[in-house]
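Structural description and commentary
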Amino acid sequence: MRDKLKFIGEIMRGSRAHFAVAAAAVAVGTLFSYLIPLIVRFTIDTVIGGEGATGAVADSFSPELSPATLAWLRDRLWLCGLAMVGCAALQGGFDYLRARSASVASETMAFNLRNRLFDHIGRLGFQTLNTLDTGDLIQRGTSDLQTIRQFLESQLVEVTRVLIMVAAALPIMLLLSPPMTAVSTAVLPVVLIGSIYYFFRVSHHYQAMAESEAAMSNVLQENLTGIRTVQAFCREPYECEKFGLANLTYRERMRDMMRIVSTYWGFSAFLCMGQICLVLVVGAWWASRGLLTIGTLAAFLTYVGMLVWPIRQLGHALSEAGRANVALNRIQAVLHKPEEQNPANPLRPPIRGGIEFRNVSFAYEPGYPALKDLSFTVEPGQTVAILGRTGSGKSTLVNLLPRLLDYASGSIRIDGVELNRIEREWIRSHIGVVLQEPFLYSKTIRENIALGDPRAHRSPGRIEPGAEAKRRMMEVVKIADIHRTIENTFHEGYETMLGERGVTLSGGQRQRLAIARALIKDPAILILDDSLSAVDAETDRRIQGALRQRRGCTTTFIISHRLSTLARADLVLVLQHGHLVQQGTHSQLIREPGLYQRIYQIQNQLEADLQREMAD
Ligand code: ATP
Ligand code: MG
């Protein structure tokens, strides 16, 4: 609880003054609203009825006025009306101030929290992100955050208003008539207990509702992202049914919630009306026996109306607090997920590209290592090809280098420095990665490539193409062999807008764009994770040729099954079930019995068969 209050205090930083103004405006506005019944009573009893003058019912709210003053006032009754209108206007003014300050304060809070959440998600580790559902995260960042914002905007101030109203009304009522006060508040404890019960029920239901809404968002998000797969496999009916089910669950949870809400509203409305009726009946009876003036009865009726509805509103505020509490828990659960940590005194050594693995192991899940006891050495500028069956750990191995994954045991040294002692951002700025499934933004081709260029001047959403940046871009698009494609295929050339995740490009075009993006930062280490799988052999040859010309300045890891790639590498690593089973050059490995030799023989055999068939 303390942790939560501290957290709320933190996210309200910058908006506390506005909240204070809102609370003060509520307090003053409420006091003005309390003056109105007193003016009504004074007008009825003293001015019209002349009670104050005769002293029949003397109390601290009936000022002793001389008969002359009373007569003067009686001739100018509009003055009493004006006083009431004045109080109402002031109350309205303060209400405006409250609404404005509360909305500014809650918007500021939501703005801070949204930024904080987004910032945190951006810093989560690769593995943590793998465990989170996108739809659920979106739900937490939008709907849950909105629930907290609404609570702070309306309910926090509302609670202040109720407390002030009760605190101000009770003494006035007690001074007017203690027995009548007892009658006026007889039912209120029941309403209060009902509100607290309601709070616990609503919290429970809101949790279920938020979870089912998140599940529905997930199905929606997954379907929108994978709409092409859904259509290609004619899975629309199945997916519609799946979404329908999630939607139905959400509706049921929502209905459960609404049932509780309506029960509470109905029951509390009955109690509140009952309370007013009680005051009316008992008050009228006492007034008829001369125990109460009509003015006091009118004042009590107004006060009880002012009291019961806000107290009933308190139940609503409590239910909103329950919802906000659940929403806050859901947001905090994300914020408590560990961010990627840098070592205590991170190093920023010069990176030349020398790499040494010593007995490195890595497991996604404890007890199931994806890499086991890997040891090899790469000199700066060398090209390393990695070969292995699907699932053998190739992507896992290369993802260790930019510290997307952190190795559990053993040692990886980059130019003699232990990798996990190097600052993450530093090592990542020296490694160009083309992931197995490259992600492109729905921006222009130019912006997608320049995204990798740390020297390009950029503001959010815009990258300024300077002459030097253009030269660098030309250089890399030529190496990635995509310049001609861009010029010839797209009318708008480099300014062509890509669809979401680059869907308007072919698989090979996407891969080459991603290679250009990785190369533009001039990395000391380049990782191509199966990045030429979707390009034809001719283009592959040209790209590899251009990359070889850069040899000596970039250590390159290429995951590939093409013999032409493997044959030209300085070092070939062969992985099997996470073990490094063979390493060496192509000429060494074809002479060594093992997986490499077998693949070589199979590919040669296939080629020979093909040539024989063509000759026949
Ligand atoms: P491919 O040639 O198909 O790309 P790969 O050699 O790159 O295969 P990896 O992606 O490194 O294989 O996966 C190695 C093993 O780790 C596989 O058994 C895979 O199921 C597992 N694995 C990969 N990613 C994760 C993950 N995020 N969480 C848990 N296990 C994973
Ligand atoms: Mg892979």
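It should be emphasised that the depicted structure is a prediction, and the values quoted were computed from it without experimental measurement.

The rules behind the values
Residues numbered from 1 in each chain as written. Chains lettered and ligands numbered in written order. Predicted model: local features only at pLDDT ≥ 70, side-chain atom pairs only at ≥ 80, totals over all residues. Heavy atoms only, no water. pLDDT = per-residue confidence, 0-100. Contact = heavy atoms within 4.5 Å. Core = buried A, V, L, I, M, F, W, Y, C linked by side-chain atoms within 4.5 Å. Buried < 20%, exposed > 50% of the residue type's maximum accessible area, 1.4 Å probe, protein only. Helix = DSSP H or I, 4+ residues; strand = E, 2+ residues; numbered from the N terminus. Arc of directions from axis to C-beta. 1 Å grid on protein atoms, 1.4 Å probe; cavity = no way out; pocket = protein on both sides within 12 Å on 5 of 7 lines; lining within 4 Å. Points joined across faces, edges and corners; volume = space filled by probe spheres on them. Nonpolar A, V, L, I, M, F, W, Y, C, P; charged D, E, K, R; others polar. Pairing = 2+ DSSP bridges. Donors = N, O, S within 2.8 Å, 3.2 Å for Na, K, Ca; no water. Near = heavy atom within 4 Å. Polar contact = N/O pair within 3.5 Å; in protein donor to acceptor, adjacent residues only side chain to side chain. Areas by Shrake-Rupley, 256 points an atom, 1.4 Å probe, with all protein chains shown as cover. Phe/Tyr/Trp six-rings, centres within 6.5 Å; stacked < 30°, edge-to-face > 60°. Axes fitted to C-alpha atoms, helices over the stretch in contact; angles between N-to-C directions. Parallel < 35°, antiparallel > 145°, perpendicular 65-115°, else oblique. Left-handed = near helix turned anticlockwise from the far one by under 90°. Domains from an automatic or database assignment. Salt bridge = Lys/Arg side-chain N within 4 Å of Asp/Glu carboxyl O.

Further remarks concern the confidence of the model for the protein. With 96% of its residues at a pLDDT of at least 70, the protein reaches an overall mean of 85. Note on residues 52-58: pLDDT is under 50 here. Beyond four places in sequence and across chains, it has 11 contacts.

Turning next to the nonpolar core. Within the largest apolar cluster, 36 residues are counted, with the highest numbers of intra-cluster contacts made by Met 109, Leu 113, Ile 148, Tyr 206 and Ile 331. Sorting the residues of this core by element identifies helix H1 (2-11), helix H5 (78-123), helix H7 (134-176), helix H9 (188-225), helix H11 (236-288) and helix H12 (294-335) as the ones contributing at least two each. Residues in contact with Ile 148, not counting those within four places in the same chain, are Met 109, Leu 113, Ala 324, Ala 327, Leu 328 and Ile 331. Formed by 34 residues, the second largest nonpolar core is a distinct cluster that contains Ile 351, Ile 355, Ile 559 and Leu 575.

What H1 keeps buried is the set Lys 4, Phe 7 and Ile 11. All buried residues of H1 lie within an arc of 60° about the axis, which places them on one face of the element. Within H1, the exposed residues directed more than 90 degrees away from the buried face are Arg 2, Leu 5 and Lys 6. For H1, the secondary structure elements touched by its buried residues are H5 and H12.

When its volume is computed, the second largest pocket comes out at roughly 460 Å³. Sorting the residues of the lining of the second largest pocket by element identifies H1, H7 and H12 as the ones contributing at least two each. When grouped by side-chain class, the residues that make up the lining of the second largest pocket number 16 nonpolar, two polar and one charged.

Moving on: the pairing of strand S9 (residues 525-529). Burial runs high along S9: five of the five residues are buried. Here strand S6 (residues 431-434) runs beside S9; their pairing, made up of four bridges, is parallel. Paired with Val 433 across the bridge in S9 is Ile 527. Judged from the five bridges that link them, S9 and strand S10 (residues 555-559) form a sheet pairing that is parallel. Looking at the pairing, Leu 528 lines up with Ile 558 of S10.

Attention shifts here to the coordination of the magnesium ion (ligand 2). Within the protein, Ser 395 (OG) and Gln 436 (OE1) serve as the donor atoms for the magnesium ion (ligand 2), at 1.9 to 2.3 Å. Linking Ser 395 in helix H13 (residues 394-400) with Gln 436 in the loop between S6 and helix H15 (445-450), this pair joins segments that are 41 residues apart in sequence.

Attention shifts here to the site of ligand 1. In the vicinity of ligand 1, the contacting residues are Asn 130, Tyr 364, Ala 370, Arg 389, Thr 390, Gly 391, Ser 392, Gly 393, Lys 394, Ser 395, Thr 396 and Gln 436. Gly 391 places a polar main-chain atom, nitrogen or oxygen, 2.8 Å from an oxygen atom of ligand 1. Here an oxygen atom of ligand 1 sits 2.7 Å away from a polar atom, N or O, in the side chain of Ser 395. Within the complex, the protein chains bury 61% of what would otherwise be the 630 Å² of accessible surface of ligand 1. Sorting elements by how many residues they give to the shell around ligand 1 places H13 first, with three residues. Of the residues in the shell around ligand 1, the class split is two nonpolar, eight polar and two charged.

Our focus in this paragraph is the packing of aromatic side chains. Two aromatic rings are characterised by how far apart their centres lie and by the angle between their planes. Taken as a whole and judged by the stated rule, the model has seven aromatic pairs. Ring centres of Phe 199 and Phe 200 lie 5.0 Å apart, and the angle between their planes is 70°; on these two criteria the pair is classed as edge-to-face. Judged by its relative accessible area of 57%, Phe 200 is exposed. Measuring from centroid to centroid gives 5.2 Å for Phe 439 and Tyr 441, while their planes differ by 90°, and the two rings are edge-to-face. Through a chain of ring-to-ring contacts, three or more aromatic side chains come together here, namely Tyr 198, Tyr 264 and Trp 265.

Take Ser 101: it is sitting in helix H5. With residues up to four places along the chain from it excluded, the contact list for Ser 101 reads His 18, Val 21 and Ala 22.

Where helix H2 (residues 16-48) meets H12, the closest approach of the two axes is 8 Å, and the angle between their N-to-C directions is 165°. Relative to H12, the element H2 lies roughly antiparallel. Crossing of H2 over H12 shows right-handed handedness. For the pair H2 and H12, contact is made by Ser 33, Tyr 34, Pro 37, Leu 38, Arg 41, Ile 44 and Asp 45 and by Ile 294, Gly 295, Thr 296, Ala 298, Ala 299, Thr 302, Tyr 303, Met 306 and Leu 307, respectively. Considered class by class, the residues forming the contact of H2 with H12 number 10 nonpolar, four polar and two charged.

On to the domain arrangement of the protein. The domains assigned to the protein are domain 1 (2-335) and domain 2 (355-615). Of note, the centres of domain 1 and domain 2, computed from C-alpha atoms alone, are 58 Å apart. Between domain 1 and domain 2, the residue contacts involve four residues of the former and eight residues of the latter. Linking domain 1 with domain 2 are zero salt bridges, by the criterion used here. Between domain 1 and domain 2 we count one residue pair in polar contact (both at pLDDT 80 or more) in total. For the side of domain 1 that touches domain 2, the class distribution of residues is one nonpolar, two polar and one charged.

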